[in-house]
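# Observations on chain architecture
Take a look at the letters that make up each chain.
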Amino acid sequence: MSRQISMKLIPALLLGVFSGAVGASGFQLLEQGSGLGNAYAGSAAKSNDASTIFWNPAGMTQLGPRAVSGGLTAVKASFKFDDKGSQVGEFGPGGRMGAGDGGDAGNWGYIPNGYLSWALTPNLYVGLGIGAPFGLKTKYDEPWRESAQSNEFDIKTMNINPSIAFKVNDMVSLGAGASWQKIEAEYYRRVAINSSARFGALPQVTSHMSIDDDAWGWNVGALFTLSPATKIGISYRSAIQYHTDGKVKLNGDGTRAGDATAVALSNAGGASNVKADLKVPDTFILSVTQKLSDRWELLGDVSWTGWSSIKNVDIYRTSGLQSGQLAQTLDANFQNTYRIALGATYSLSEALRLQFGLAYDQTPVKNSTSRLTSLPDNDRTWFTFGTQWKPAKEQTLELGLAYLYISDTKINKNETTANPLTNRGTVIGDYDSSVWILGAQYSLAF
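What counts, and at which threshold
- Residues numbered from 1 in each chain as written.
- Predicted model: local features only at pLDDT ≥ 70, side-chain atom pairs only at ≥ 80, totals over all residues.
- Heavy atoms only, no water.
- 1 Å grid on protein atoms, 1.4 Å probe; cavity = no way out; pocket = protein on both sides within 12 Å on 5 of 7 lines; lining within 4 Å.
- Points joined across faces, edges and corners; volume = space filled by probe spheres on them.
- Helix = DSSP H or I, 4+ residues; strand = E, 2+ residues; numbered from the N terminus.
- Nonpolar A, V, L, I, M, F, W, Y, C, P; charged D, E, K, R; others polar.
- Buried < 20%, exposed > 50% of the residue type's maximum accessible area, 1.4 Å probe, protein only.
- Pairing = 2+ DSSP bridges.
- Phe/Tyr/Trp six-rings, centres within 6.5 Å; stacked < 30°, edge-to-face > 60°.
- Lys NZ or Arg CZ within 6 Å of the ring centre and 35° of its normal.
- Lys, Arg positive; Asp, Glu negative; His and termini not counted.
- Salt bridge = Lys/Arg side-chain N within 4 Å of Asp/Glu carboxyl O.
- Polar contact = N/O pair within 3.5 Å; in protein donor to acceptor, adjacent residues only side chain to side chain.
- Contact = heavy atoms within 4.5 Å.
- Patch = residues over 30% accessible without salt bridge, like charges linked within 9 Å, V, L, I, M, F, W, Y side chains within 5 Å.
- Areas by Shrake-Rupley, 256 points an atom, 1.4 Å probe, with all protein chains shown as cover.

## Considerations on the layout of surface pockets
In this structure, the largest pocket spans a volume of roughly 880 Å³. The wall of the largest pocket is formed by 40 residues, among which Ser47, Asn48, Arg353, Gln388 and Lys390 lie closest to the centre. With 4 residues, strand 20 (residues 426-445) is the largest single contributor of residues to the lining of the largest pocket. Of the residues that constitute the lining of the largest pocket, the class distribution is 12 nonpolar, 15 polar and 13 charged.

## A few points about unusual backbone geometry
Geometrically, the link from Glu142 to Pro143 is a cis peptide bond, its omega value of 5 degrees lying close to zero. For Pro143, the position within the fold is in the loop between strand 4 (135-139) and strand 5 (152-167). In the Ramachandran plot, Tyr40 falls in the positive-phi region, its phi being about 60 degrees despite a non-glycine side chain. Mapped onto the elements of the fold, Tyr40 is located in the loop between helix 1 (2-17) and helix 2 (52-55). With a relative accessible area of 2%, Tyr40 lands in the buried category. The phi dihedral of Ser47 falls on the positive side, at around 45 degrees, and the residue is not glycine. With respect to the helices, strands and loops of the structure, Ser47 is situated in the loop between helix 1 and helix 2.

## A short note on the pairing of strand 16 (residues 352-361)
Bridge count between strand 15 (residues 337-347) and strand 16: 9 bridges; the pairing is antiparallel. What sits directly across from Ile340, in strand 16, is Tyr360. With antiparallel pairing between neighbouring strands as the criterion, strand 15 and strand 16 make up a hairpin whose turn holds 4 residues. Both strand 16 and strand 17 (residues 380-392) contribute to a ladder of 10 bridges, which runs antiparallel. The residue of strand 17 that forms the bridge with Gln355 is Gly386.

## Comments concerning the packing of aromatic side chains
Here the structure, examined in full by the defined rule, presents 16 aromatic pairs. Ring centres of Phe153 and Tyr187 lie 5.6 Å apart, and the angle between their planes is 85 degrees; this geometry places the pair in the edge-to-face category. Of this pair, Phe153 sits in strand 5 while Tyr187 sits in strand 6 (residues 172-190), placing them 34 residues apart in sequence. In terms of burial, Phe153 and Tyr187 fall into one category: buried. Centroid distance Tyr403 to Trp436: 4.8 Å. Interplanar angle 50 degrees. Geometry classified as tilted. Residue Tyr403 is located in strand 18 (residues 395-406), and its partner Trp436 is located in strand 20; the two are separated by 33 residues in the primary sequence. Note on Tyr403: relative accessible area 28%, which makes it partly exposed. A connected cluster of aromatic rings, assembled from ring pairs, spans Phe27, Phe134, Trp307 and Phe334. Just above the ring of Phe54 sits the side chain of Arg237; from NZ or CZ to the centre is 4.2 Å. The side chain of Arg339 reaches across the aromatic face of Trp382, ending 4.6 Å from its centre.

## As for empty space enclosed by the protein
Inspection of the entire model under this criterion finds 7 cavities of 30 Å³ or more. Empty space within the largest cavity amounts to approximately 380 Å³. If you trace the largest cavity, you find 36 residues lining it, with Gln28, Leu30, Phe54, Thr283 and Ile285 closest to the centre. When contributions to the lining of the largest cavity are tallied by element, the ones reaching two or more residues are helix 2, strand 6, strand 7 (206-227), strand 8 (230-237), strand 11 (283-291), strand 12 (296-305) and strand 15. With 4 residues, the top contributor of residues to the lining of the largest cavity is strand 7. Grouping the constituent residues of the lining of the largest cavity by class yields 16 nonpolar, 16 polar and 4 charged. Empty space within the second largest cavity amounts to approximately 330 Å³. Considering the residues around the second largest cavity, the lining is formed by 23 residues, among which Phe153, Ile155, Leu278, Val313 and Leu330 are closest to the centre.

## Thoughts on the side chain of Asp213
Position of Asp213 relative to the elements: it lies in strand 7. Buried Asp213, no salt bridge; nearest opposite-charge side chain is Lys182, N-O distance 6.8 Å. Polar contacts involving the side chain of Asp213 include one to the main-chain amide nitrogen of His243, which spans 2.8 Å. With residues near it in sequence (within four places) discarded, Asp213 still touches Gln181, Lys182, Ile183, Tyr242, His243 and Thr244.

## Description of a nonpolar patch on the surface
Residues Leu348, Leu352, Trp389, Leu397, Leu399 and Tyr442 make up a contiguous nonpolar surface patch of roughly 510 Å² in combined accessible area. Mapped onto the elements of the fold, Leu352 is located in strand 16.

## Quick look at the pattern of salt bridges
Taken as a whole and judged by the stated rule, the model has 13 salt bridges. Where Asp170 meets Lys167, a salt bridge forms, and the shortest distance between an N and an O atom there is 3.9 Å. Here Lys167 falls in the partly exposed class, since its relative accessible area comes to 22%. Between Asp377 and Arg380 there is a salt bridge whose closest N-O contact spans 2.2 Å. When its relative accessible area of 1% is taken as the criterion, Asp377 is described as buried.

This is the structure we're talking about:
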């Protein structure tokens, strides 16, 4: 029995590690291997190490008989809200929800990755990758006047990706993989209770929703070596459909009144099991690498992400007095996005290279009225620098640093309802946002 419990805990423990603040637009995480210093330009074509398993499994055919790569990326996101006249019902500025702007909702996140590639024959390769392609955490400091919409939102994923690649000839390689992916999400917010509520004028009740699921997806890729100096890579990673389930619980503020209110609301159907369908997006990448000389190499890519798979996330109750009823809708209404990245690498010597990168990353958020306090996302521009050091021919250590500039982000999110228990008001204001990313990757060929 103890061994069975331990095996069940392994995915949960790994998910605790594979979490991160947002790096790319939406809640996508690009930090899946080497290339941060180049803003991940040329990701599907460069095939320098085993992390090509994620970007384009066909790239394994460019590696040695065995290759291992592993890394860790630290992401620090900053989301500072400035209120411009939010309407939060009876809780208004100075009201029972508090008058604060929530401080900095951004957090540190840490994203590890690991890959192994193995040549079964000179033309047939297999590999295994593990990473976290999606993740997000926002957490506001209290008091926070808009806490009826969100106090804390946390998404974690873990992706295990067995892959295979075949070298058709010296110019063409093909690859494919399957992905087992697990997702967990937690959502905290204040329950809006005002003086007209049937349970009295008792604030400070927190709703905690947690959902999870696991599902399968797939990916394919092709690599074309046009010449020793030119490579073109294309890759596609499928969408993954989740049918999550979980629970919503209500907690008081520790006072007798607050705890009694939470119990009363729970007995009235406020606490229950829940379910929600979520389809994380598919991605397509077209990449190119071009050696200009013995010292300079240029890299570039265009990628597309199908964020329109996420419109309204409807959360339904599956137990209690309100079973079958809608508990809440997260009205994201995302749109598809493009990302353009350019990079350059300069070889100071055979052992040391410098990396540079620039990228423009579209947000899936259409406008201020569909922007969520749990995900105050906007377009971002990447400025990156990195170094690649080879202490020995078969070893590579890569360090990268990125600053993501995010333009002024406006929000005008109306979640007002006639029901005082579900009225979350209208959030109006601006976010001052930015992201710093620091990553390290070690690769070994043997």
